Amino acid sequence: LFRYNSGDGSFKHFLIDPNDTVEFSANYVDPILGDSLGTLWIGSAKGILRFNPDTEKFVHYRKDLIIPCLYKDSGGTLWAGTSKGLYRYSRSEDAFLPFFDSQLSLSNERIYGIVEDRSKNLWLSTPAGIIKINPSRDNQFIYGSKYGVSEFYPSIGSIHLSRKGEVMVGSE
């Protein structure tokens, strides 16, 4: 993680773990998401990091997971797409908790992208297909081979909401 100082044109490098020299480590960060409190949420190959820019301190969550994407929905809920399913941040527990029931196959599905549409549905891009979660977050629908999605497998990737409100999914 680097922070630019516009006053002197320099960068400050923050190492999560200065002793970690592994190529895909906690020091490899992507994605980065800022919240309304100024906190940075950072995905890494070793979990999720919360960075407080004022104290310059990190808090580490879910070190067992790779984090391809982070998303904050219109209600302010923070979501993490991981190598093993979708996680939701619980402020009261200060923890990222699995969203899907552990007995569902979706609970271990890699999540590449998350976006919310204008109707407040959450959309996920995964190797299993494109998943739509309703606004009350209690029902999911998988757009798979029946809907022509499997032809993209395994290269479904990023997901984006266009200005027209269309859900756009990237693939090879």
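Residues numbered from 1 in each chain as written. Predicted model: local features only at pLDDT ≥ 70, side-chain atom pairs only at ≥ 80, totals over all residues. Heavy atoms only, no water.

## Quick word on the pairing of strand E10 (residues 95-98)
Right, on to step 1. For strand E9 (residues 85-90) and E10, the ladder comprises four bridges, and the chain directions are antiparallel. Counted as the bridge partner of Arg 88 is Leu 97 from E10.
Right, on to step 2. Following E9, the chain reverses through four residues before pairing antiparallel with E10; Asp 94 in that reversal takes a positive phi of roughly 45°. (Pairing = 2+ DSSP bridges. Helix = DSSP H or I, 4+ residues; strand = E, 2+ residues; numbered from the N terminus.)

## Some thoughts on a nonpolar patch on the surface
Right, on to step 1. On the surface, Phe 2, Tyr 4 and Phe 11 cluster together into a nonpolar patch covering about 390 Å² of accessible area.
Right, on to step 2. We classify Tyr 4 as partly exposed; its relative accessible area is 48%. (Patch = residues over 30% accessible without salt bridge, like charges linked within 9 Å, V, L, I, M, F, W, Y side chains within 5 Å. Areas by Shrake-Rupley, 256 points an atom, 1.4 Å probe, with all protein chains shown as cover. Salt bridge = Lys/Arg side-chain N within 4 Å of Asp/Glu carboxyl O. Buried < 20%, exposed > 50% of the residue type's maximum accessible area, 1.4 Å probe, protein only.)

## Remarks on the packing of aromatic side chains
Right, on to step 1. Tallied over the entire structure, the rule returns 12 aromatic pairs.
Right, on to step 2. Between Tyr 61 and Phe 96, the ring centres sit 5.5 Å apart and the planes meet at 75°, which makes this aromatic pair edge-to-face. With Tyr 61 in strand E6 (residues 57-61) and Phe 96 in strand E10, the pair connects residues that are 35 residues apart, well separated along the chain. For the residue pair Tyr 61 and Phe 96, the accessibility class agrees, reading buried in each case.
Right, on to step 3. Between Trp 123 and Tyr 143, the aromatic rings sit 5.7 Å apart at their centres with planes inclined by 25°, giving stacked as the arrangement. Here Tyr 143 lies in strand E14 (residues 140-143) and Trp 123 lies in strand E12 (residues 122-126), a separation of 20 residues in the sequence.
Right, on to step 4. Of the residues examined, Trp 123 reaches a relative accessible area of 12% and is grouped as buried. (Phe/Tyr/Trp six-rings, centres within 6.5 Å; stacked < 30°, edge-to-face > 60°.)

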